[in-house]
Amino acid sequence: MAERKLLILFGSQTGTAQDTAERIGREAKRRHFQCRVEALDSYEVANLINELLVVFVCATTGQGDPPDNMKIFWRFLFRKNLPPSSLCQLDYAVLGLGDSSYPKFNFVAKKLHKRVLQLGGNPLLPVALGDDQHDLGPDAVVDPWLLALWDKILALYPLPPGLEIISPDVRLPPKYTLHYLAEDSPHPDGGLLQPTAPRTVPSELHPFPAQMVSNQRVTAESHFQDVRLIEFDVAASGITFNAGDVVMIQPQNCLEDVQQFCQLLRLDPDRRFVLKPTEPGTSLPALLPQPCTIRYLVTHYLDISCVPRRSFFELLSYFSTNELEREKLQEFSSAQGQEELYSYCNRPRRTTLEALWDFPHTTCAIPPDYLLDLIPRIRPRAFSIASSMLAHPDRIQILMAVVRYKTRLSKPRHGLCSTWLASLNPEQGDVRVPLWVKKGGMKFPADPDTPVIMIGPGTGVAPFRAAIQERVAQGHRGNCLFFGCRQKSKDFYCQAEWEELVTKGFLTLFTAFSRDQEEKVYVQHRIRENRRLVWELLSSGSAHVYLAG
């Protein structure tokens with residue numbers, strides 16, 4: 001009898017594709033498959049020729065681009081020299097997650113399905129195109145597609161004699177178990193985030209603990225929005241970047257939330273533990289030290305402020321000792337309950353921590369072993385770099401709006417990363433922030449004679465500040481900036497800097513202050529007013545146009 005092995009590979013940007021891949025993994029375990037779930041770039045892609053059964057789950061980002069954790073795989077798969085029969089023994093299925101409001105809807109999934117077919121793969125089903133725009137989200141497509149997929153797979157790989165599908169009423173074992181250490185076991189030395197001599201260029205797995213040098217509010221105190229210009233020292237990090245690149249920052253939960261979470265779950269924040277995988281071959285989470293404290297796990301790893309997904313409520317329902325709570329949790333995790341879940345969670349942006357408050361009987365019964373299955377890890381946040389190394393060597397600056405807004409919940413919503421960064425005060429001691437740099441989507445022309453038209457309202461001006469600093473340092477003069485904000489006196493970022501460059505002849509600046517007069521004026525009005533200049537730059541100067549929001 002053929003070996004019942006299933007490989008699930010995902011490409012995920014925000015965590016939705018990973019969440020879906022893990023759901024398929026759980027369904028595979030209930031059907032007694034040996035199953036591995038891996039990010040596409042963690043998988044040794046050359047082994048694909050030996051696989052017999054693979055499910056791909058992939059998101060599409062930006063303008064039809066693959067997610068960051070499948071870029072290496074993507075380049076390999078589209079190599080011209082792969083023989084057309086490379087994957088002839090592979091049975092496969094592709095599940096795409098996208099958003100139909102973008103022109104290249106589910107482009108990556110469609111292209112992947114077609115390419116594996118070209119290489120000889122045998123598709124079990126047509127590609128599934130999950131759509132964020134659907135009233136019930138991607139699950140509207142995913143749920144029926146998975147039912148069809150299991151029919152196909154079980155026809156090829158029937159259940160071994162004497163085995164039944166494990167009932168949905170039975171809780172699966174956790175991915176890891178937490179082994180608490182005795183109170184008196186020796187402690188590893190020092191803090192957990194110490195600057196070490198950089199081994200490699202900083203990356204997600206090895207972020208650089210950059211020192212925050214300054215954290216300055218650049219909007220008037222009377223202005224409704226708090227915007228910061230923050231500077232980091234990256235000397236000796238090995239980091240280099242160009243205008244248009246992006247800095248990734250790994251945020252952490254605030255102390256108050258961490259304390260609440262530990263109280264709700266009756267966890268001792270100072271307890272130390274080591275993680276052991278339940279199944280051999282499962283790798284440990286890369287960003288958790290071993291041994292680790294509960295406080296470190298909750299502060300730096302578990303995303304307790306994210307809006308919980310359907311899978312969270314499904315797993316939570318297994319721990320519930322209270323009938324009312326269990327019924328509600330089961331409703332939220334059913335296909336029929338998705339509209340209700342959307343109103344409870346997504347619309348008001350309710351956090352995981354707040355959801356746990358609403359299910360107190362269940363929450364205090366959560367076994368710590370399941371924490372890593374229940375709550376996803378904190379994702380890094382991306383910021384356009386707002387400075388150039390030519391103007392500010394060894395420094396990275398960002399222009400950041402602190403995210404704060406109201407929903408129907410009484411407590412205002414706060415952005416995790418921006419609220420944390422805004423709270424840090426470098427004047428009160430050594431403040432460190434884990435970061436690394438990623439190539440951005442904008443490339444500025446190398447030819448000094450090519451003019452550049454930049455349209456950057458609000459904090460969208462950040463990458464253009466980097467570009468203008470870089471181009472001025474290189475002596476390039478053809479810089480034209482359209483900047484827009486509400487009021488000249490309240491949120492005109494970097495005003496003095498722009499005015500000095502205008503005086504020196506390096507910059508042509510057009511501003512639109514929407515609320516400074518009776519009728520609202522935006523950047524598009526200024527572009528229309530200056531259409532002759534814009535057309536001249538485009539037609540005879542071959543200008544490049546950039547837009548950032």
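Since we're looking at a predicted model, the values are computed, not measured. (Residues numbered from 1 in each chain as written. Predicted model: local features only at pLDDT ≥ 70, side-chain atom pairs only at ≥ 80, totals over all residues. Heavy atoms only, no water.)

**Side note on unusual backbone geometry**
Note: most residues except glycine have negative phi, and most peptide bonds are trans.
Inference 1: Across the junction of Gln290 and Pro291, the peptide omega takes the value -10°, indicating a cis bond.
Inference 2: Inspection of the secondary structure assignment puts Pro291 in the loop between β11 (272–277) and β12 (292–293).
Inference 3: With phi around 60°, Arg349 is a residue other than glycine that occupies positive phi space.
Inference 4: If you check the backbone angles, Asp394 has positive phi at about 60° while not being a glycine.
Inference 5: Positionally, Asp394 belongs in the loop between β13 (381–384) and β14 (395–401). (Helix = DSSP H or I, 4+ residues; strand = E, 2+ residues; numbered from the N terminus.)

**Remarks on a nonpolar patch on the surface**
Inference 1: A cluster of nonpolar side chains, namely Trp535, Leu538 and Val545, defines an oily patch on the protein surface of about 310 Å² accessible area.
Inference 2: Mapped onto the secondary structure, Val545 falls in strand β21 (residues 544–547). (Patch = residues over 30% accessible without salt bridge, like charges linked within 9 Å, V, L, I, M, F, W, Y side chains within 5 Å. Areas by Shrake-Rupley, 256 points an atom, 1.4 Å probe, with all protein chains shown as cover. Salt bridge = Lys/Arg side-chain N within 4 Å of Asp/Glu carboxyl O.)

**Thoughts on the pairing of strand β19 (residues 479–485)**
Inference 1: Counting buried residues along β19, seven of its seven residues qualify, which places the element largely inside the surrounding structure.
Inference 2: Residue alternation in β19 divides its side chains into two sets, Asn479, Leu481, Phe483 and Cys485 and Cys480, Phe482 and Gly484, and both sets are buried.
Inference 3: Following the chain from strand β18 (residues 452–455) across helix α14 (residues 462–473) to the adjacent parallel β19, one finds a crossover that is right-handed.
Inference 4: Where β19 meets strand β20 (residues 507–513), seven bridges bridge the pair, whose relative direction is parallel. Bridging across to β20, Leu481 finds its partner in Leu509. (Buried < 20%, exposed > 50% of the residue type's maximum accessible area, 1.4 Å probe, protein only. Right-handed = clockwise from strand over helix to strand, strands pointing away. Pairing = 2+ DSSP bridges.)

**Examining the sheet that holds β18**
Inference 1: As summarised here, the arrangement of the four strands in space is β20-β19-β18-β21, forming an open sheet in which the pairing is parallel. Strands at the two margins of the open sheet, each flanked by one partner only, are β20 and β21. Averaged over all neighbouring strand pairs, the angle between strand axes comes to 10°, with direction disregarded.
Inference 2: Running at roughly 140° to β20, helix α16 (residues 495–503) makes contact with β19 and β20 of the sheet.
Inference 3: Sitting on the sheet, helix α18 (residues 531–539) is in contact with β18, β19, β20 and β21, with an inclination near 135° to β18. (Axes fitted to C-alpha atoms, helices over the stretch in contact; angles between N-to-C directions. Contact = heavy atoms within 4.5 Å.)

**Topic: the domain arrangement of the chain**
Inference 1: Domain boundaries assigned for the chain yield domain 1 (5–156), domain 2 (208–251 + 380–438), domain 3 (255–374) and domain 4 (452–547).
Inference 2: Computed from C-alpha coordinates alone, the two centres of domain 1 and domain 4 are separated by 43 Å. (Domains from an automatic or database assignment.)

**Considering the nonpolar core**
Inference 1: Counting 40 residues, the largest nonpolar core has Phe261, Leu297, Leu302 and Phe313 as its most contacted members.
Inference 2: Aside from chain neighbours lying at most four places away, what touches Phe261 is Leu267, Val298, Leu302, Ile304, Leu353, Leu356, Leu371 and Ile375. (Core = buried A, V, L, I, M, F, W, Y, C linked by side-chain atoms within 4.5 Å.)

**Side note on the environment of Asp257**
Inference 1: Along the polypeptide, Asp257 turns up in helix α5 (residues 255–264).
Inference 2: Taking C-alpha positions, Asp257 is 34 Å from Ala140, a pair spaced 117 residues apart along the chain.
Inference 3: Here Asp257 is in contact with Ile304 and Leu353, once residues within four sequence places are set aside.

**Observations concerning the UniProt feature "domain: Flavodoxin-like" (unreviewed entry) in the chain**
Inference 1: UniProt's feature table lists "domain: Flavodoxin-like" (unreviewed entry) at residues 6–150, given in the numbering used throughout.
Inference 2: Taken end to end, residues 6–150 is 32% helix and 23% strand, and its two terminal C-alpha atoms sit 12 Å from one another. (UniProt positions renumbered as here; feature names shortened; annotations may be inferred.)

**Notes on the sheet that holds strand β10 (residues 246–249)**
Inference 1: With respect to topology, six strands assemble into an open sheet ordered β13-β10-β17-β8-β9-β14, the strand pairing being antiparallel. Of all the strands in the sheet, just β13 and β14 have a single pairing partner and so form its edges. For this sheet, the mean angle separating the axes of adjacent strands, direction not counted, is 40°.
Inference 2: Its contacts with the sheet put helix α13 (residues 416–423) on β8 (208–217), β9 (227–233), β10, β13, β14 and β17 (432–438), and the angle it makes with β14 is roughly 115°.

**Comments concerning α13**
Inference 1: Within α13, six of the eight residues are buried, which leaves it mostly tucked inside the rest of the structure.
Inference 2: For α13, the full list of buried residues reads Leu416, Cys417, Ser418, Trp420, Leu421 and Ala422.

**Quick look at the pattern of salt bridges**
Pairing of side chains with opposite charge becomes possible as their charged atoms draw close.
Inference 1: One pass over the full model with this rule turns up 26 salt bridges.
Inference 2: Put simply, Asp226 and Arg228 hold a salt bridge, and the shortest N to O gap is 2.8 Å. Arg228 shares its class with Asp226; the two are buried.
Inference 3: Via salt bridges that share partners, Arg23, Glu27, Asp139, Asp143 and Arg310 belong to a single interconnected network.

**Description of the side chain of Asn253**
Inference 1: In this structure, Asn253 sits in the loop between β10 and α5.
Inference 2: Its relative accessible area of 2% is what places Asn253 among the buried residues.
Inference 3: Here Val298 takes part through its backbone oxygen, which lies 2.8 Å from a polar atom of the side chain of Asn253.
Inference 4: Ignoring any residue separated from it by four or fewer positions in sequence, one finds Asn253 in contact with Val258, Val298, Thr299, Leu302, Ile304, Ser305, Ile378 and Leu416. (Polar contact = N/O pair within 3.5 Å; in protein donor to acceptor, adjacent residues only side chain to side chain.)

**Looking at the environment of Gly541**
Inference 1: Here Gly541 shows up in the loop between α18 and β21.
Inference 2: Between the C-alpha atoms of Gly541 and Leu146, which are 395 residues apart in sequence, the distance is 54 Å.

**Observations concerning the packing of aromatic side chains**
Inference 1: Scanning the entire structure with this criterion turns up 15 aromatic pairs.
Inference 2: Seen in terms of ring centroids, Phe483 and Tyr493 are 6.0 Å apart; in terms of plane orientation they differ by 65°. Their pairing is edge-to-face. Pair noted here: Phe483 is in strand β19 and Tyr493 is in the loop between α15 (488–491) and α16, with a separation of 10 residues, a long-range link. Like Phe483, the residue Tyr493 is buried in the burial classification.
Inference 3: An aromatic cluster is built from Phe312, Phe313, Phe332 and Tyr344, whose rings are joined through pairwise contacts.
Inference 4: Directly above the aromatic system of Phe33 lies the positively charged group of Arg4, at a separation of 4.0 Å from the ring centroid.
Inference 5: In this structure, Lys111 packs its charged tip against the face of Phe78, placed 4.9 Å from the ring centre. (Phe/Tyr/Trp six-rings, centres within 6.5 Å; stacked < 30°, edge-to-face > 60°. Lys NZ or Arg CZ within 6 Å of the ring centre and 35° of its normal.)

**What to know about the packing of α14 against α16**
Inference 1: Contact geometry for α14 and α16: axes closest at 12 Å, N-to-C directions at 35°. By crossing handedness, the relation of α14 to α16 is classed as left-handed. When α14 is examined against α16, the residues Arg465, Ile468, Gln469 and Val472 are found in contact with a partner set consisting of Glu497, Trp498 and Leu501.
Inference 2: For the contact of α14 with α16, the class distribution of residues is four nonpolar, one polar and two charged. (Left-handed = near helix turned anticlockwise from the far one by under 90°. Nonpolar A, V, L, I, M, F, W, Y, C, P; charged D, E, K, R; others polar.)

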